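Each chain, written out:
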Amino acid sequence: MKRDELHMSTRAVHPESHQRRTNRPVAFPIYLSATFEAADVDEQIRLEEESDTFYTRYGNPTLSAVEQAVARLEGTESALVFGSGMSAITTTLLAFLEKGDHVVFQREIYGGTFRFARELLPRFGVEVSWVDCTDLDGMQRAIRDNTRVLYLESPTNPTLRVVDLDAVAEVARSRGVKTLIDSTFATPFNSRPGDHGIDGVLHSTTKYFGGHSDLLGGALAGSREIVEQVKSYLKVLGGVMDPHAAYLLLRGIKTLGVRVDRQNRSGLAIAQAFEGQVGVRRVFYPMLSSHPQHELAERQMQGGGGVVSLELEGTLEAAKRFVNRLQLFHVAPSLGGVESLVSNPRLTSHAMLSPEEREQTGIRDSLVRLALGIEDTDDLIADIKRALAESD
Ligand SMILES: *Cc1c(COP(=O)(O)O)cnc(C)c1O
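Residues numbered from 1 in each chain as written. Predicted model: local features only at pLDDT ≥ 70, side-chain atom pairs only at ≥ 80, totals over all residues. Heavy atoms only, no water.

**Student:** I would appreciate a short explanation of the site of the ligand in the present structure.
**Tutor:** For the ligand, the set of nearby residues contains 14 residues, the closest of which are Gly 85, Asp 182, Ser 204, Thr 206 and Lys 207. The separation between an oxygen atom of the ligand and a polar side-chain atom of Thr 206 is 2.6 Å. Within the side chain of Lys 207, a nitrogen or oxygen atom sits 2.7 Å from an oxygen atom of the ligand. Out of a free accessible area of 380 Å², the ligand has 92% covered by protein chains. The leading source of residues in the shell around the ligand is helix α4 (residues 85-96), at three residues. (Near = heavy atom within 4 Å. Polar contact = N/O pair within 3.5 Å; in protein donor to acceptor, adjacent residues only side chain to side chain. Areas by Shrake-Rupley, 256 points an atom, 1.4 Å probe, with all protein chains shown as cover. Helix = DSSP H or I, 4+ residues; strand = E, 2+ residues; numbered from the N terminus.)

What follows is the structure in structure tokens.
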């Protein structure tokens, strides 16, 4: 069978089958070693330049295996893993920016990225502008002569707005601006930004890729050139992934397709079941026909993903009580794992926004974010139904 003809979920389970050898372990081993021995000094010099067996901050075979798997799934030439999603994001941005540069960020981005852009980048002399992620004209106007990067995230947290990747990539390319996207919420099974011309695809692999809430990690997928440039900074900044985490990540990736498939189905079923129900003012989910960018989502995404946000009737207090009444959803940050989690964005991920900023991004007090796991869909629906129905 030709590898290129295999489906993504098959390739996720057979990440390194091109290097067939007999008697090799089926599960890629953990190279739990900080350093690697060379035959002699000349070989050591060569290893430093071009191998994953020199020193683990420079590379490690277990990290290479997971990088290969990520690149295959994103359909890019290359990939690089990091110790966390934030390490992937900050190392990548630092690799492409210097004093006097300008970056355009979409307004709705992950909280840690928001703080990095608002508080840290200006300290290094980098100017930052903010645009609405659906406002293409605004993006075009925000690009200046010194703009180096257009930074995106899709779908957004927690209101699941979708960025038109083809259109944005074209705008940026015509102005010589690099595009980076945080694609954590999409996963390559729902959207592959590289196929739309986005230059660098970032992930918190802590979420769907890992899938079991037991590791922290990040990844960048892109051309060899981009990945090599960022890697040279990673070696200095030091936010590398631990080989243990890389092993767990490889294991998680093998079931990514199956998990996302279940999460897509549950997401759509739950969104449909609670739209228009008593106690629910609004449901946010890309594949609902009421979603403002439903058509774009249908065109660009294979599925809506495992996050559904419900804006409830009533106050913040009522939303808190609803969350506390859920039994199958852990009250915890994060998403993309096998177990369902729930949060009140107003009190957690978006607490640091001003009331105006929250209003602008549609985060009302009574918004509840459900991050679905792989439990039975009907059980999840029953749990939500019961928590809604129980009177305060
Ligand atoms: C969690 C998350 C991050 C940060 O990743 P860590 O692995 O926690 O550092 C970045 N972006 C998005 C969209 C996330 O959900």
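**Student:** I tried to follow the sheet that holds strand β3 (residues 127-131) on my own but got confused; where do I start?
**Tutor:** The strands that make up a sheet are held in pairs by hydrogen bonds between backbone atoms, and each pair lies either parallel or antiparallel. Across the sheet, which stays open at both edges, the seven strands sit in the order β1-β7-β6-β5-β4-β2-β3 with mixed pairing between neighbours. Two strands lie at the open edges of the sheet, namely β1 (78-82) and β3, each paired on one side alone. Neighbouring strand axes in the sheet, compared pairwise and without regard to direction, differ in orientation by 20° on average. In terms of strand pairing, strand β4 (residues 147-153) meets strand β5 (residues 178-182) through five bridges, oriented parallel. Its bridge partner being in β5, Leu 152 is matched across the sheet by Ile 181. Helix α3 (residues 61-74) contacts β1, β6 (200-204) and β7 (218-222) of the sheet and is inclined by roughly 125° relative to β1. Sheet contacts for α4: β1, β2 (102-106), β4, β5, β6 and β7; angle to β6, the most-contacted strand, approximately 150°. (Pairing = 2+ DSSP bridges. Axes fitted to C-alpha atoms, helices over the stretch in contact; angles between N-to-C directions. Contact = heavy atoms within 4.5 Å.)

**Student:** How should I be thinking about the packing of helix α11 (residues 256-274) against helix α15 (residues 377-389) in this particular structure?
**Tutor:** Packed helix pairs are specified by the crossing angle of their axes together with the interaxial distance, meaning the distance between the axes. Two elements in contact, α11 and α15, have axes whose closest approach is 10 Å; the angle formed by their N-to-C orientations is 35°. As for how α11 packs across α15, the hand of that crossing is right-handed. Across the interface between the two elements, Arg 262, Ser 266, Ala 269, Ile 270, Ala 273 and Phe 274 of α11 pack against Thr 377, Leu 380, Ile 381, Ile 384, Lys 385 and Leu 388 of α15. Within the contact of α11 with α15, the residues separate by chemical class into eight nonpolar, two polar and two charged. (Left-handed = near helix turned anticlockwise from the far one by under 90°. Nonpolar A, V, L, I, M, F, W, Y, C, P; charged D, E, K, R; others polar.)

**Student:** Got a minute to help me understand the layout of surface pockets in this structure?
**Tutor:** In this approach, a probe sized like a water molecule rolls over the atoms, and the result shows the empty space that is left. Its boundaries defined by the atoms lining it, the largest pocket holds a volume of some 590 Å³. Forming the walls of the largest pocket are 28 residues, and the residues nearest its centre are Ser 64, Glu 67, Ser 78, Glu 228 and Lys 231. Ranked by residue count, the leading element in the lining of the largest pocket is helix α9 (residues 224-237), at seven residues. Taken together, the residues of the lining of the largest pocket break down into nine nonpolar, eight polar and 11 charged. Its boundaries defined by the atoms lining it, the second largest pocket holds a volume of some 460 Å³. (1 Å grid on protein atoms, 1.4 Å probe; cavity = no way out; pocket = protein on both sides within 12 Å on 5 of 7 lines; lining within 4 Å. Points joined across faces, edges and corners; volume = space filled by probe spheres on them.)

**Student:** What exactly am I supposed to notice about the nonpolar core here?
**Tutor:** Nonpolar side chains in soluble globular proteins tend to be buried together. In this structure, Leu 73, Leu 150, Leu 152 and Ile 253 are the most contacted members of the largest nonpolar core, which totals 53 residues. Among the elements that take part in this core, α3 stands out by supplying seven residues, more than any other. The residues contacting Ile 253, other than those within four sequence positions of it, are Ala 12, Val 66, Ala 69, Val 70, Leu 73, Phe 209 and Arg 259. In terms of nonpolar packing, the next biggest core, distinct from the first, is built from 28 residues, Val 280, Val 368, Leu 380 and Ile 384 among them. (Core = buried A, V, L, I, M, F, W, Y, C linked by side-chain atoms within 4.5 Å. Buried < 20%, exposed > 50% of the residue type's maximum accessible area, 1.4 Å probe, protein only.)

**Student:** Would you mind showing me how to read the pairing of β1 here?
**Tutor:** Note on strand geometry: in a regular strand, side chains alternate between the two faces of the sheet. Along β1, five of the five residues are buried, which leaves the element largely enclosed by surrounding structure. Going residue by residue along β1, you find Ser 78, Leu 80 and Phe 82 tucked away on one face and Ala 79 and Val 81 tucked away on the opposite face as well. In this sheet, β7 lies alongside β1 in antiparallel orientation, the contact comprising five bridges. For Leu 80, the partnering residue across the bridge sits in β7 and is Leu 220.

**Student:** Would you explain the side chain of His 203 in this entry?
**Tutor:** For His 203, the location among the structural elements is in strand β6. With relative accessibility at 2%, the residue His 203 sits in the buried group. Reaching out from His 203, the side chain makes a polar contact with the side chain of Glu 74 at a distance of 2.6 Å. Setting aside its immediate chain neighbours within four residues, His 203 contacts Glu 74, Gly 85, Ala 88, Ser 183, Thr 184, Thr 187, Pro 188, Phe 209, Gly 217, Gly 218 and Ala 219.

**Student:** Is there a simple way to explain the packing of α4 against helix α5 (residues 111-120) in this structure?
**Tutor:** Running from N to C, α4 and α5 point in directions that differ by 30°, and their axes come no closer than 10 Å. On the basis of the axis angle, α4 is roughly parallel to α5. For the pair α4 and α5, the crossing hand works out as right-handed. Across from Met 86, Ile 89, Thr 90, Leu 93 and Leu 94 in α4, the residues of α5 making contact are Gly 112, Thr 113 and Phe 116. (Parallel < 35°, antiparallel > 145°, perpendicular 65-115°, else oblique.)

**Student:** Can you walk me through the pattern of salt bridges in this structure?
**Tutor:** Note on pairing: side chains with opposite charge can pair once their charged atoms come close. Applying the stated criterion across every chain, the model contains 19 salt bridges. Glu 50 is the partner of Arg 46 in a salt bridge, and the nearest nitrogen-oxygen pair spans 3.8 Å. Of the two residues, Arg 46 and Glu 50 are both situated in helix α2 (residues 41-50); the distance of four residues between them amounts to about one turn of the helix. It is possible to trace a salt-bridge network through shared partners that takes in Arg 281, Glu 311, Glu 313, Glu 359 and Arg 364. (Salt bridge = Lys/Arg side-chain N within 4 Å of Asp/Glu carboxyl O.)

**Student:** What is the right way to look at the side chain of Glu 311 in this model?
**Tutor:** Relative to the elements of secondary structure, Glu 311 occurs in strand β9 (residues 307-312). Among the polar contacts listed, one links the side chain of Glu 311 to the side chain of Arg 364, at a separation of 3.5 Å. Contacts of Glu 311, omitting those with residues within four sequence positions, involve Val 280, Arg 281, Arg 282, Phe 284, Arg 364, Ser 366 and Leu 367.

**Student:** How do you make sense of empty space enclosed by the protein when you look at a structure like this?
**Tutor:** Under the defined criterion, the tally for this structure stands at one cavity of 30 Å³ or more. The volume enclosed by the largest cavity comes to roughly 40 Å³. Residue lining of the largest cavity: Ser 154, Pro 155, Val 162, Leu 165, Ile 181, Ser 183, Ala 186, Ser 191, Pro 193, Gln 300 and Met 301, and that is the complete set.

Nothing here speaks to function; it is geometry throughout.
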